[in-house]
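Chain by chain, the residues:
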Amino acid sequence: MKTVIFAGGLGSRISEESHLKPKPMIEIGGKPVLWHLMKLYSYYGFNEFIICLGYKGHIIKEYFANYFLYNCDVTFDLITNQITVHENKVDDFKVTLVDTGFNTMTAGRLQRVRKYLEGEDSFMLTYGDGLSDINIYDLVSYHKLHKKICTVSTIQPSGKFGVLEISDNNSVSAFVEKPKQSGSWINGGFFVLSSKVFDYLSGNLDDVMWEQDPMKSIQQDGQMVAYKHFGFWKSMDILRDKMELEKLWETTAPWKIW
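Residues numbered from 1 in each chain as written. Predicted model: local features only at pLDDT ≥ 70, side-chain atom pairs only at ≥ 80, totals over all residues. Heavy atoms only, no water.

Next up on the list: the packing of aromatic side chains. The tally for this structure, following the rule as stated, stands at 19 aromatic pairs. Look at Trp-185 and Phe-230: their rings are 5.4 Å apart centre to centre, the planes differ by 90°, and that puts the pair in the edge-to-face class. Remark: Phe-230 occurs in the loop between strand 14 (224–228) and strand 15 (233–235) and Trp-185 occurs in the loop between strand 12 (172–176) and strand 13 (186–194); sequence separation between them is 45 residues. Its relative accessible area of 27% is what places Trp-185 among the partly exposed residues. Ring geometry for Phe-191 and Trp-210: centres 5.7 Å apart, planes at 80°, overall edge-to-face. Here the residue Phe-191 occupies a position in strand 13, and Trp-210 occupies one in the loop between strand 13 and helix 7 (213–220), the gap between them amounting to 19 residues. An identical accessibility class is assigned to Phe-191 and Trp-210; each is buried. Joined through ring pairs, the aromatic side chains of Tyr-41, Phe-49, Tyr-63, Phe-64, Tyr-67, Tyr-70, Phe-93 and Phe-190 make up one cluster. One cation-aromatic arrangement involves Lys-31 over Trp-35; the distance from NZ or CZ to the ring centre is 5.1 Å. (Phe/Tyr/Trp six-rings, centres within 6.5 Å; stacked < 30°, edge-to-face > 60°. Helix = DSSP H or I, 4+ residues; strand = E, 2+ residues; numbered from the N terminus. Buried < 20%, exposed > 50% of the residue type's maximum accessible area, 1.4 Å probe, protein only. Lys NZ or Arg CZ within 6 Å of the ring centre and 35° of its normal.)

As a further point, take a nonpolar patch on the surface. A contiguous nonpolar patch, built from Phe-68, Leu-69, Tyr-70, Phe-76, Leu-78, Ile-83, Val-85 and Val-90 and spanning about 800 Å² of accessible area, is present on the exposed surface. The set of elements that each furnish at least two residues to the nonpolar patch consists of helix 4 (67–70) and strand 6 (82–88). Sorting elements by how many residues they give to the nonpolar patch places helix 4 first, with three residues. You can see Val-90 is positioned in the loop between strand 6 and strand 7 (94–99). According to the relative accessible area criterion, Val-90 is partly exposed, its value standing at 32%. (Patch = residues over 30% accessible without salt bridge, like charges linked within 9 Å, V, L, I, M, F, W, Y side chains within 5 Å. Areas by Shrake-Rupley, 256 points an atom, 1.4 Å probe, with all protein chains shown as cover. Salt bridge = Lys/Arg side-chain N within 4 Å of Asp/Glu carboxyl O.)

Just geometry here; none of it tells us what the structure is for.
Here it is in structure tokens:
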């Protein structure tokens, strides 16, 4: 099963770094977020990726064009112009890089990679800026069990503020820092989709978000099911998120299961 990754957005909310590179190429622990994401899928045996490029897509192309060189110990003989590879540390990835347009929205990007999914009954989809310890194998199994067009992972985000429990005499009986929002579930960004999803992706969708009309139509037709993820999840939206992910990587990164 192949995995499609959205990697073409501007990443304007983290412009401190995205003005130099695409958001998925911002590094955590010396490796792009995109690499961390691909390692998660690869751990579960899913090694084929289709990456939707847009803003500064050439940087992602250059990264994979030089991936072998970056991940090997080599000797350069400048006299004979020969390269000797001593140790191969390359990951087992097969990557298709597709220019899906600079300003194209996510529905249009997904629509433009359809030809690279021909012959696939189903595929996975995710965003290039979200990390999680989600069990991809269980997610796929859940999708196969329910047989819907769209399986969407859902998570309960932490609240923005800590919660105080106050007794009748106004004393604080408990404090919970950024608790999960009770009963509230949001899109966690890890999808499994039937190839029938393209029935909902017709016409010019360059200005349409995948999360808007397509997902709403699928839901209204009763073809969407939620996979509840209770573990770690974090989207790298702003610089503070990157710093938090860096800190986790230096200690015990929950998403590092490989």
